[in-house]
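Coordinates in review
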Amino acid sequence: MPVVKRTSNNVLLDIALKNFYAAAEEMGLEDDLIEILSHSDRKLAVSIPVVMDDGTTKVFNGYRVQHNSALGPNKGGLRFHPEVCMDECEALAMLMTWKCSLAGIPYGGGKGGVECNPLELSKGEKERITRGLAARIEPIVGAWTDVPAPDVNTGGQEMIWLMDTISKMRGNMEPAIFTGKPISLWGSKGRTQATGVGVATCAMELLKVVGKDVKGATVAVQGFGNVGTFTALTLHEHGAKVVAISDITGAYYAPEGLDIPAAIAFANAHPKKLLEGFTQPGVKKLDGEELLFLPVDVLCPCALEGAVNAKNAEKVQAKFIVEGANGPVTPEADEVLAKKNVIIVPDFLANSGGVIGSYFEWCQDLAGFFWTEEEYLKRLNQIMTENFKRVWDYAKEKNVKMRRAAFMVAIQRVADAVRMRGTFL
Ligand code: GLU
């Protein structure tokens, strides 16, 4: 019987499944492996009652999906966003399986989060939601089972609330269950900038293989959260001309280049860490989406999924796209961009610096011994550079786009592990 392909009404999950099936077909993956890898090992939905500051009680929906753990403990972030749902978590968990596999680190994929709007929550409300989530996912997380991390709208503080709650519930310190913790509390030097540094490393490796100097190369970075800021900063430090940045307040464009350290200082001083009101000599304010259509060498979409889509892909002028966010270019946009010969470094290669950094933090937590920032960034750079090269060479060898090549390399490693471990009934 041929495999019955799963589809989903959720755009992100449907894309994740389509990408998987297409790569699996191209690789000639056996039906049983297609069947196993197109499903998730475990999906947990929880309800979190929270007493709000005004005294009312609100119930929030929380999720944790573990896609596949053949290569090791599940790994992946927890996001706080109004659009979080089970299907989105499943799509992103699947992406984490491929990301960890491609990165060559000993993890499977996971993802979770809470459906909420953090911009409307006080710090106390956020803490209660986070601790409520921790208590409810406690049975399925652990240093050797599932290791969550920051994702959209979560960071060091949330990781500490999570770690503290579970450590108190278990009666022992459990630092290695969560990564992305502050340096002062079992975090690792270098982890904060890891994802952005990795995105920038991919951009620089790409410029190298196409014979273009990073010095003076023009760059637009969409999104000015953790990933976008360090992508922009690292490229700026290496001599690239970052001409545009953006966040939910709009885009800020200066054809002669922006002073990125000053922009970061500005955003850090804003109560919600936004660029609202940001200006520098020569800066023009644009609509957020317009950043995607600027005449630049490299476009780094580091915000949310679906930014470049069927409706706007034709307008993209960049020659190269390095995907800092997860799923920022839809498959329809991929086709349009392929016709325009735009080279795309896919998300699960480009933004894998985050999870590789998490792996370093986990190793340090398990050993109780910490590395210097220099050691950390050196190893990160080495792994990112090698992984970029592996995918670039494989794409050339198989005459496929980098995204397809990355899927094929990643799926093969997981498939081999599933085959070797076998199916336990
Ligand atoms: N949220 C990040 C990602 O999507 C990091 C995950 C992790 O470190 O586990 O890759």
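The structure under discussion appears in the preceding block.
Here goes a summary of the coordinates provided. Here the residue numbers are simple positions, counted from 1 along each chain's written sequence. It should be noted that, the model being predicted, local features are given only for residues of pLDDT at least 70 and side-chain atom pairs only at 80 or more, the latter also being counted only at that level, while totals for whole chains, interfaces and linings use all residues. Values reported for side chains reflect all heavy atoms of the structure, with hydrogen atoms and water molecules removed beforehand.

Below, the discussion takes up the overall build of the protein chain. Check the secondary structure of the protein chain and you find 13 helices and 12 strands. Rg of the C-alpha trace for the protein chain: 21 Å, near the compact-globule value of 22 Å for 425 residues, within the 12% margin. Over its C-alpha atoms, taken along the principal directions, the protein chain stretches across nearly 55 × 55 × 45 Å. Note on exposure labels: buried denotes an accessible area under 20% of the residue type's maximum, exposed denotes more than 50%, and partly exposed covers the range between, all computed with a 1.4 Å probe on protein chains only. Counting the 425 residues in the protein chain, one finds 57% classified as buried. Here, two residues are considered to be in contact whenever any of their heavy atoms come within 4.5 Å of each other. Taking the intrachain contacts of the protein chain between residues at least 6 apart in sequence as the baseline, contacts between residues at least 24 apart amount to 68%. Under the convention used here, a 1.4 Å probe and the Shrake-Rupley method define accessible areas, while residue burial counts only the protein chains that appear. Accessible surface computed for the protein chain: about 17,900 Å², of which carbon and sulfur atoms make up 54%. Think of it this way: Lys and Arg go in the positive column, Asp and Glu in the negative one, and His and the chain ends go nowhere. The atom standing in for a charge is NZ when the residue is Lys, CZ when it is Arg, CG when it is Asp and CD when it is Glu. Taken as two groups, the 46 positive and 51 negative side-chain charges of the protein chain have centres that lie 2 Å from each other. Strands are runs of DSSP state E lasting at least two residues, helices are runs of H or I lasting at least four, and both sets are numbered from the N terminus onward. Each radius of gyration is computed over the set of C-alpha atoms, and the globule rule expresses the reference value as 2.2 Å times the number of residues to the power 0.38.

With mixed pairing, seven strands are arranged side by side in an open sheet as β9-β8-β7-β6-β10-β11-β12. Pairing within the sheet leaves two strands with one partner each, and these edge strands are β9 (284-286) and β12 (343-345). Sheet twist, expressed as the average angle between the axes of neighbouring strands with direction ignored, equals 20°. Across three bridges, the pairing between strand β11 (residues 320-322) and β12 is parallel. In the sheet register, Val322 faces β12, and the bridge partner there is Val345. Strand pairing is assigned whenever DSSP detects at least two bridges linking the two strands. Only the contacting stretch of a helix is used when fitting its axis, a line to C-alpha atoms as for every element, and angles between N-to-C directions run 0 to 180 degrees.

To find leftover empty space, a probe the size of one water molecule is rolled over the atoms. The distinction between a cavity and a pocket rests on a 1 Å grid over the protein atoms alone: a 1.4 Å probe fits inside a cavity but cannot get out, while a pocket stays open yet meets protein on both sides within 12 Å along at least five of seven lines, and a residue with an atom within 4 Å of a point counts as lining. Grid points are joined across faces, edges and corners, and a volume is the space filled by probe spheres set on the points. Here the second largest pocket defines a volume of roughly 740 Å³. Around the second largest pocket, the lining is made up of 27 residues, and of these Asp334, Ala338, Lys401, Arg403 and Arg404 lie nearest the centre. Every element with two or more residues in the lining of the second largest pocket is listed here: α1 (11-27), α9 (331-339), β12, α12 (373-398) and α13 (402-421).

Time to look at the site of the ligand. Looking at the ligand, there are 14 residues lining it, with Lys75, Lys99, Pro150, Asp151 and Ser358 nearest. Here a polar contact is recorded for every N or O atom pair within 3.5 Å, except that within protein the pair must consist of a potential hydrogen donor and a potential acceptor, and residues adjacent in sequence are included only if both atoms are side-chain atoms. Here Gly76 contributes a backbone N or O atom positioned 3.4 Å from an oxygen atom of the ligand. Here the ligand loses 92% of its free accessible area of 290 Å² to cover by the protein chains. The set of elements that each furnish at least two residues to the shell around the ligand consists of β3 (74-81), α3 (86-103), β5 (146-150) and α11 (353-367). Residue composition of the shell around the ligand, grouped by class: four nonpolar, five polar and five charged. If even one non-hydrogen atom of a residue comes within 4 Å of a molecule or strand, that residue is called near it. Just so you know the grouping, Ala, Val, Leu, Ile, Met, Phe, Trp, Tyr, Cys and Pro go in nonpolar, Asp, Glu, Lys and Arg go in charged, and all remaining residues, Gly too, go in polar.

Moving on: empty space enclosed by the protein. Going through the model one piece at a time under the given rule, you end up with one cavity of 30 Å³ or more. Ile15, Asn19, Leu95, Gly327 and Asp347 are the residues nearest the centre of the largest cavity, which is lined by 19 residues in total. Contributions of two or more residues to the lining of the largest cavity are made by α1, α3, α10 (347-350) and α13. Ranked by residues supplied to the lining of the largest cavity, first place goes to α3 with five residues. Taken together, the residues of the lining of the largest cavity sort by class into 12 nonpolar, four polar and three charged.

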